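Residues per chain are reported as follows:
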Amino acid sequence: MKRYRLSVCKGSTCKAGGADGVHAAARDALSEQRLVPRCELYRGGCYGFCHMGPNVVVREDTGRKRDPLSPEDFQLMGWDGEVYYSEMTPEKMRRVVNEHIANDAPVRELFGQPDTPDPDDG
Ligand code: FES
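Residues numbered from 1 in each chain as written. Predicted model: local features only at pLDDT ≥ 70, side-chain atom pairs only at ≥ 80, totals over all residues. Heavy atoms only, no water.

### Structural notes on the pairing of strand β3 (residues 56-60)
Across the five residues that make up β3, a large majority, four, are buried. One ladder, built from five bridges, connects strand β1 (residues 4-9) with β3; its direction is antiparallel. Bridging across to β3, R5 finds its partner in R59. Summarising the sheet, β3 and strand β4 (residues 83-85) pair through three bridges and their orientation is antiparallel. What sits directly across from V58, in β4, is V83. (Buried < 20%, exposed > 50% of the residue type's maximum accessible area, 1.4 Å probe, protein only. Helix = DSSP H or I, 4+ residues; strand = E, 2+ residues; numbered from the N terminus. Pairing = 2+ DSSP bridges.)

### Describing the environment of M1
Mapped onto the elements, M1 comes out in the segment before β1. Note: C-alpha distance between M1 and R38 (37 residues apart in sequence) is 8.3 Å.

### Concerning the environment of V107
Residue placement: V107 occurs in the segment after α3 (90-103). Linking V107 and G53, residues 54 residues apart in sequence, is a C-alpha distance of 17 Å. Beyond its immediate stretch of four places on either side in the chain, V107 contacts Y85, R95, V96 and E99. (Contact = heavy atoms within 4.5 Å.)

### Concerning the sheet that holds β1
Strand order in the open sheet formed by four strands is β2-β1-β3-β4, with mixed pairing between adjacent strands. Bordering the open sheet on either side are β2 (39-44) and β4, each of which pairs with just one other strand. On average, each strand axis in the sheet is tilted by 20 degrees relative to the strand beside it, whichever way the strands run. Its contacts with the sheet put helix α2 (residues 19-32) on β1, β2 and β3, and the angle it makes with β2 is roughly 170 degrees. Here α3 sits on the sheet in contact with β1, β2, β3 and β4, set at roughly 165 degrees to β1. (Axes fitted to C-alpha atoms, helices over the stretch in contact; angles between N-to-C directions.)

### Structural notes on the nonpolar core
In this structure, L6, V56, V58, Y85, M93, V96 and I101 are the most contacted members of the largest nonpolar core, which totals 29 residues. Contributing elements (two or more residues each) for this core: β1, α2, β3, β4 and α3. The element best represented in this core is α2, accounting for six residues. (Core = buried A, V, L, I, M, F, W, Y, C linked by side-chain atoms within 4.5 Å.)

Structure, rendered in structure tokens:
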């Protein structure tokens with residue numbers, strides 16, 4: 001059985017965009033579906049894609065030894081099984097829990113593109 005670590009960005013821009021509600025939706029959905037043993041819920045970030053937020057990163061927990069500096073909490077690592085979801089809402093978060101966490105089926109249509117330019121950067 002796969003295990004996951006789901007991180008909701010705690011950076012200020014994502015929080016302003018509703019990340020706390022996304023986190024609450026993840027917590028509630030994991031609890032309701034009894035998925036807490038399969039998925040650690042975490043607050044990471046800022047990941048540097050603030051204009052794409054609220055941002056969520058799901059990674060398979062493969063038992064990889066943790067780097068004490070936890071670089072994965074601030075950037076995408078390109079690891080197998082790493083998925084970045086952008087512009088998340090509570091509804092989208094529940095769908096990710098239902099499909100990705102519960103059924104090992106990442107939700108491709110919600111994948112973010114980390115190289116999407118920030119429209120405010122000129
Ligand atoms: S505040 Fe979330 S990516 Fe920067």
